[in-house]
Amino acid sequence: MNQLAVVLAFFAASPSEQVKALPLLPRDPGARDFHADFGRNPLLVLVQSYLRFFHHRDDEPWETFLERLGIPAGTQGWPESIGELDHVLETMSPHDHVLWTQKALDRKVGWRLARRLARIALADLGWSDRADRGQIDVVLTH
């Protein structure tokens, strides 16, 4: 499974599809089940995991990186759109509680920009924009 493609497809999905993929995501910061804690908020877990795991490190051979994430062999360069998506996601503070809810996915400009950049990145890489909930669950648990 190409884990990076799965995560990018999640980021590219419509807000309603994102909510379906993360059924435990609180509706808003006032909800009883709201947690902006890394271990309890699935959207925050996904973004933090992406920012920590889905990047090529200088000390890692390119082929190892491709294998680690299940990226198809032959993928040569990295599109600028991924760097731009990274920047947008890095600016979303884990401490800004309003960003980590169902409503935020639909209403916040940062999430709309992340969706647009993820769609561009998928197109730049020639990857599908489809990911099912089971694939997102696998990424969240690993």
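Anything mentioned here points back to the structure above.
Residues numbered from 1 in each chain as written. Predicted model: local features only at pLDDT ≥ 70, side-chain atom pairs only at ≥ 80, totals over all residues. Heavy atoms only, no water.

This brings us to the pattern of salt bridges. Scanning the model with the defined rule gives 3 salt bridges in all. The salt bridge partner of Asp28 is Lys103, with a shortest N-O separation of 3.6 Å. Taken together, the residues span a long stretch of sequence, with Asp28 in the loop between helix 2 (15-21) and helix 3 (42-53) and Lys103 in helix 6 (residues 102-107) at a distance of 75 residues. Given the relative accessible area of 22%, Asp28 is considered partly exposed. Note on Lys103: relative accessible area 27%, which makes it partly exposed. Residue Asp59 pairs with Arg57 through a salt bridge whose shortest N-O separation is 3.5 Å. A relative accessible area of 43% places Arg57 in the partly exposed class. (Salt bridge = Lys/Arg side-chain N within 4 Å of Asp/Glu carboxyl O. Helix = DSSP H or I, 4+ residues; strand = E, 2+ residues; numbered from the N terminus. Buried < 20%, exposed > 50% of the residue type's maximum accessible area, 1.4 Å probe, protein only.)

It is worth spelling out helix 7 (residues 109-125) at this point. Along its 17 residues, helix 7 runs 24 Å from first to last C-alpha, staying within 8% of the 24 Å computed at 1.5 Å per residue. Within helix 7 the residues assigned to the buried category are Trp111, Ala114, Arg115, Leu117, Ala118, Ala121, Leu122 and Leu125. Next to the buried residues of helix 7 lie helix 1 (3-12), helix 2, helix 3, helix 5 (80-91) and helix 6. Looking at the residues trailing helix 7, positive phi occurs at Gly126, about 75°. (Expected span 1.5 Å × (residues − 1). Contact = heavy atoms within 4.5 Å.)

Geometric values such as these leave the question of function open.
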